[in-house]
Amino acid sequence: MNAPTAKPNDYAAYPDANGRFGDYGGRYVPETLMPLVHELDAAYSAAKADPAFQAELSGLLTHYVGRPSPLYLAERLTAHFGGAKIYLKREELNHTGSHKINNCIGQILLARRMGKTRIIAETGAGQHGVASATVCAKYGLPCVVYMGAVDVERQKPNVFRMNLLGARVEAVTSGSATLKDAMNEALRDWVTNVHDTYYLIGTAAGMHPYPAMVRDFQSVIGRETKAQVLEAEGRLPDAVVACVGGGSNAIGMFHPFLNDESVKLIGVEAAGEGMETGRHAAAINGGRPGVLHGNMTYLLQDPEGQITEAHSISAGLDYPGIGPEHSWLHDVGRATYLTATDLESLEAFKLLAELEGILPAIESAHAIARLGDVARDVGKDGIVVLNLSGRGDKDVATVAAHLGMAI
Amino acid sequence: MTKARIDARFAALKAENRAAFVAYVMAGDPDYDRGLEILKGLPAAGADLIEVGFPFSDPMAEGPPIQRAAQRALASGMTLNKTLAMIAEFRKGDQTTPIILMGYANPLVNRGFAAFAQDAAAAGADGLIVVDIPPEEADPLADALDAEGLSLLLLSTPTSDDARLKVIARRTSGFAYYVSVAGVTGVKEADAATVAPHVARVRAAGGLPVCVGFGIKTPERAEAVARVADGVVVGSALVEEIAASLAMNETVTTRVLSKVESLAKAVRLARVASPTV
């Protein structure tokens, strides 16, 4: 790493042509994939600038995904914390139950445009796998989803959903058998089937152009939020809060606010059993910069540069890295990254269920766990928006097990 | 200048009119002592050059054999430091066989490129292959290696067009490594007839000797490829011998070196046997 990254004049102007957010990002992939990575970059740039592509995407977001998602004033939660007014951006109401579909719709249109005939994806919690299987079913494309064997076990309902949608789920047993290993296996598939296969990455990480492309497709979250909060309150929020694993829902919420410096951007990483135990998934709070899965970013690693296992109750946050734009936003100080433990997230899960009648995904519950601190810090006259990135039905069995209940 | 060792070896091979046999082993597989014993035995068994893998937890371009080799090495406590120590130990008895380190970016990023280059040169390594550093990301590493006289060998693949081959050649020295199949190591098999025109393209782009690897498992295949290339790299088939001998409680070194002998012999015979491909 070089000198600390300078604070930019325009945060939204990144990455550069080489896919860099300051020192982070880039394209660390085997040569076999590199020509395809360039082809993807060119195809995405052309699609992004094509009004027909944008119109098709917009139509699908409205009529298939169900956008815009509501911005909901959580009155009892607001009263409970006794701080700022809390709004929830209801991404859990999207088709398939999370924000992941926003990106999948965009990328499947791109894959079709590129003439690719086979789709592969990786998944942790299964939300991205389900969203990928969904769009593949819609367009009649074969879909293989790589999922760590450990995650297959703890997210069985989502595995079944993917099968119902016609996808083949490959349980990955190598390494720690979780999300990072699923991504390794997907990359091995891609390098082997480079001619006909499109790799539908689910988070804002990996080699350029994925971090920028996934962010762009997810930025609909932040754009809608901005318009909705202006409509409701006549001003911008004081803070937006989102959970961060790879970081796609967070960057989708943050990005439209990057140059609105009055808006605090707060990401919440998974502290697992506690930061002090070393058993966590907090790449920024507990890691160092390095290279994995195509990008330079903060990673959990040992002193020798071997990647270490992440630990989190949430399969969707159980990843030793984070998207490169988050690494950069952390270094330049534009965003703040907090942590929440498994137990705090379980408490937050119950809290939202009891106060607002909403079961949050255990991933999103990490953000809820820090919401009280943020709301009190902002104060009574303030406004905070939390991105409720997914619904919690898939986690009911996990939550029950941790509460010592049999269902 | 350690680049000199690679150049001298290929000059000698050219004088003999034969292709190089390049053996890949994972440092510390199955452990440091036996790994060193294998390494020391390779030249006598017929390895003209040696690739020494340094293990990484997430080897995204490797098939199951080398993934498992990396896991065995890591489980035995192998590190980048110990890999370099092993090479230094090897160099005490062999000053002529070129050694190319091969692995993934993160252990090097973690060490720092300049510090790594100094230590690798001091240990007696000659070059480096990093699977996940394509030409687009290669300059900082290439500069650090240049400063120590070490070669960087950027990989060429079936998907690299002529324009990319030129870019690859610009920052490659020692020899050119052609990955003969689109895929991970040790799964698909390379076909000499398919490989031949690509070897010619790679040679034309950089003028360096071209070694072919990633899909060669048998003496027959090694012999066929040795007729069309300047060198043949075998890795997965060797580390599978280690796995097999561990499973059957055999002496690891004997079994691996015997496989090396059969492959090296096939490569040596390639150009005196019938030249048909």
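- An unreviewed UniProt entry annotates chain A as Tryptophan synthase beta chain originating from Phenylobacterium ferrooxidans.
- Under the UniProt heading Sequence similarities (unreviewed entry), the note attached to chain A is "Belongs to the TrpB family."
- Checking UniProt for chain A, the heading Function (unreviewed entry) contains the comment "The beta subunit is responsible for the synthesis of L-tryptophan from indole and L-serine."

**Let's talk about the overall build of chain B**
Next, step 1: Tallying secondary structure elements over chain B gives 12 helices and nine strands in all.
Next, step 2: The globule rule puts the C-alpha radius of gyration for 277 residues at 19 Å, and the 17 Å found for chain B is close to it.
Next, step 3: When its C-alpha atoms are laid out on the principal axes, chain B stretches across 45 × 45 × 35 Å.
Next, step 4: Scored against the burial criterion, the 277 residues of chain B give a buried share of 61%.
Next, step 5: Sequence separation of at least 24 residues holds for 75% of the intrachain contacts in chain B that already meet a minimum separation of 6.

**Regarding the UniProt feature "domain: Tryptophan synthase beta chain-like PALP" (unreviewed entry) in chain A**
Next, step 1: In this structure's numbering, the residues bearing the UniProt feature "domain: Tryptophan synthase beta chain-like PALP" (unreviewed entry) are residues 66-390 of chain A.
Next, step 2: Within residues 66-390 of chain A, the helical portion is 42% and the strand portion 21%, while the C-alpha atoms at the span's ends are 14 Å from each other.

**Some points on the packing of helix 4 (residues 80-91) of chain B against helix 6 (residues 113-123) of chain B**
All names here are of chain B.
Next, step 1: Interhelical geometry of helix 4 versus helix 6 gives an angle of 25° and a closest axis separation of 8 Å. Our classification of the angle between helix 4 and helix 6 gives roughly parallel. The segment helix 4 lies against helix 6, with Leu80, Leu84, Ile87, Ala88 and Arg91 engaging Phe116, Asp119, Ala120 and Ala123.
Next, step 2: Considered class by class, the residues forming the contact of helix 4 with helix 6 number seven nonpolar, no polar and two charged.

**Notes on the interface of chain B and chain A**
Next, step 1: Taken together, the contact pairs 36 residues of chain B with 37 residues of chain A.
Next, step 2: Of the roughly 2800 Å² buried between chain B and chain A on both sides combined, carbon and sulfur atoms contribute 52%.
Next, step 3: Ranking the residues of chain B by area buried against chain A places B:Asp58, B:Met60 and B:Glu137 at the top, with a combined share of 24%.
Next, step 4: Where chain B meets chain A, there are three salt bridges.
Next, step 5: Where A:Arg20 meets B:Glu137, a salt bridge forms, and the shortest distance between an N and an O atom there is 2.6 Å.
Next, step 6: Put simply, chain B and chain A have 20 residue pairs in polar contact (both at pLDDT 80 or more) between them.
Next, step 7: Of all the secondary structure elements, the ones that give two or more residues to the side of chain B that touches chain A are helix 3 (64-75), helix 5 (105-111), strand 6 (155-156) and helix 8 (162-170) of chain B.
Next, step 8: Per-element accounting of the side of chain B that touches chain A gives the leading share, five residues, to helix 5 of chain B.
Next, step 9: For the side of chain B that touches chain A, a count of residues per class yields 18 nonpolar, 11 polar and seven charged.

**Concerning the sheet that holds strand 3 (residues 71-73) of chain A**
All names here are of chain A.
Next, step 1: In spatial order, the strands read 3-4-14-9-10-13; together these six strands make up an open sheet with mixed pairing. If you trace the sheet from one side to the other, it starts and ends with strand 3 and strand 13 (335-341), each paired once. Sheet twist, expressed as the mean angle between neighbouring strand axes with direction ignored, is 25°.
Next, step 2: One ladder, built from six bridges, connects strand 4 (residues 85-90) with strand 14 (residues 383-388); its direction is parallel.

**Overview of the UniProt feature "modified residue: N6-(pyridoxal phosphate)lysine" (unreviewed entry) in chain A**
All names here are of chain A.
Next, step 1: Mapped onto the present numbering, the UniProt feature "modified residue: N6-(pyridoxal phosphate)lysine" (unreviewed entry) falls on Lys100.
Next, step 2: Secondary-structure assignment places Lys100 in helix 4 (residues 100-113).
Next, step 3: Classification of Lys100 as buried rests on a relative accessible area of 15%.

**With respect to the pairing of strand 2 (residues 24-28) of chain A**
Residue and element names in this part refer to chain A.
Next, step 1: The element strand 2 is extensively covered by neighbouring structure, given that five of its five residues are classed as buried.
Next, step 2: What sits between strand 1 (residues 20-21) and strand 2 in their antiparallel hairpin is a turn of two residues, with Gly22 showing a positive phi close to 60°.
Next, step 3: Pairing between strand 2 and strand 12 (residues 294-299): two bridges, direction antiparallel. When the bridges of strand 12 are listed, Gly25 appears paired with Met296.

**Section: helix 9 (residues 192-206) of chain B**
Residue and element names in this part refer to chain B.
Next, step 1: The terminal C-alpha atoms of helix 9 lie 21 Å apart, and with 15 residues this matches the ideal 21 Å at 1.5 Å per residue to within 8%.
Next, step 2: Within the sequence span of helix 9, burial applies to Ala192, Val195, His198, Val199 and Val202. Down the axis of helix 9, the smallest arc covering the buried residues is 125°, so these residues share one side.
Next, step 3: Buried-residue contacts for helix 9 involve strand 6, helix 8, strand 7 (176-179), strand 8 (210-213) and helix 10 (219-226).
Next, step 4: Where helix 9 terminates, the next one or two residues include Gly207, which has phi positive at roughly 75°.

**Overview of the environment of A:Ala401**
Next, step 1: Looking at the secondary structure, you find A:Ala401 in helix 16 (residues 396-402).
Next, step 2: Taking relative accessible area as the criterion, A:Ala401 reaches 54% and is therefore assigned exposed.

**Points about the side chain of A:Gln306**
Next, step 1: Relative to the helices and strands, A:Gln306 resides in the loop between strand 12 and helix 13 (324-331).
Next, step 2: A polar side-chain atom of A:Gln306 sits 2.9 Å from the main-chain carbonyl oxygen of B:Pro55.
Next, step 3: A distance of 2.7 Å separates a polar side-chain atom of A:Gln306 from the backbone nitrogen of B:Ser57.
Next, step 4: Not counting residues up to four positions away in its chain, the partners in contact with A:Gln306 are A:Leu300, A:Gln301, B:Pro55, B:Phe56, B:Ser57, B:Leu74 and B:Pro107.

**Quick look at empty space enclosed by the protein**
Next, step 1: Within this structure, the stated rule accounts for 10 cavities of 30 Å³ or more.
Next, step 2: Size it by volume and the largest cavity reaches roughly 330 Å³.
Next, step 3: Around the largest cavity, the lining comprises 30 residues; the ones closest to its centre are A:His99, A:Lys100, A:Gly316, A:Leu317 and A:Glu363.
Next, step 4: The set of elements that each furnish at least two residues to the lining of the largest cavity consists of strand 5 (118-123), helix 5 (127-139), helix 8 (179-192), helix 11 (248-254) and helix 15 (362-378) of chain A.
Next, step 5: Contributing to the lining of the second largest cavity are 17 residues, with B:Ile66, B:Thr185, B:Phe214, B:Gly235 and B:Ser236 lying nearest its centre.
Next, step 6: For the lining of the second largest cavity, the secondary-structure elements that each account for two or more residues are strand 9 (231-234) and helix 11 (236-247) of chain B.
Next, step 7: Split into classes, the residues belonging to the lining of the second largest cavity amount to nine nonpolar, five polar and three charged.

Rules used in this analysis
- Sequence order as written defines the numbering, with residues in each chain counted from 1.
- Chain labels run from A onward and ligand labels from 1 onward, assigned in the order the entries are written.
- In keeping with the predicted nature of the model, local features appear solely for residues at pLDDT of at least 70, side-chain atom pairs appear and are counted solely at 80 or more, and the whole-chain, interface and lining totals rest on all residues.
- The basis for the side-chain values is all heavy atoms of the structure; hydrogens and waters are excluded.
- UniProt positions are given in the numbering used here, feature names are shortened, and annotations may be inferred rather than shown by experiment.
- Working definition: helices are DSSP H or I runs of at least four residues, strands are E runs of at least two. Numbering for both runs from the N terminus.
- In this treatment the radius of gyration is a C-alpha quantity, and the globule benchmark scales as 2.2 Å times the residue count to the 0.38 power.
- Partly exposed describes any residue whose relative accessible area lies between the buried limit of under 20% and the exposed limit of over 50%, with all areas from a 1.4 Å probe on protein chains only and scaled to the type maximum.
- Residue contacts are defined here by distance: any two heavy atoms, one from each residue, within 4.5 Å place the two residues in contact.
- To define axes, lines are fitted to C-alpha atoms, for helices over the stretch in contact only, and angles between the resulting N-to-C directions are given on a 0 to 180 degree scale.
- Angle categories are assigned with fixed cut-offs, so that under 35 degrees is roughly parallel, over 145 is roughly antiparallel, 65 to 115 is roughly perpendicular, and the rest are oblique.
- In this count, Pro and Cys sit with the nonpolar residues alongside Ala, Val, Leu, Ile, Met, Phe, Trp and Tyr, while Asp, Glu, Lys and Arg are called charged and the others, Gly among them, polar.
- Using a 1.4 Å probe, buried area is obtained as the accessible area two parts lose upon being combined, added over both of them.
- Salt bridges are defined by distance alone: a side-chain nitrogen of Lys or Arg within 4 Å of a carboxyl oxygen of Asp or Glu.
- Any N or O atom pair separated by 3.5 Å or less is treated as a polar contact, with the protein-specific requirement of one donor-capable and one acceptor-capable atom, and with residues adjacent in sequence counted only for side-chain atom pairs.
- Two strands form a pair only when DSSP identifies at least two bridges running between them.
- Take the number of residues in a helix, subtract one, and multiply by 1.5 Å to get its expected span.
- This arc corresponds to the set of directions leading from the helix axis out to the C-beta atoms.
- Only protein atoms enter the 1 Å grid used here. Points where a 1.4 Å probe fits but cannot escape make up a cavity, open sets with protein on both sides within 12 Å along at least five of seven lines make up a pocket, and a residue lines them when an atom lies within 4 Å of a point.
- Grid points are joined across faces, edges and corners, and a volume is the space filled by probe spheres set on the points.

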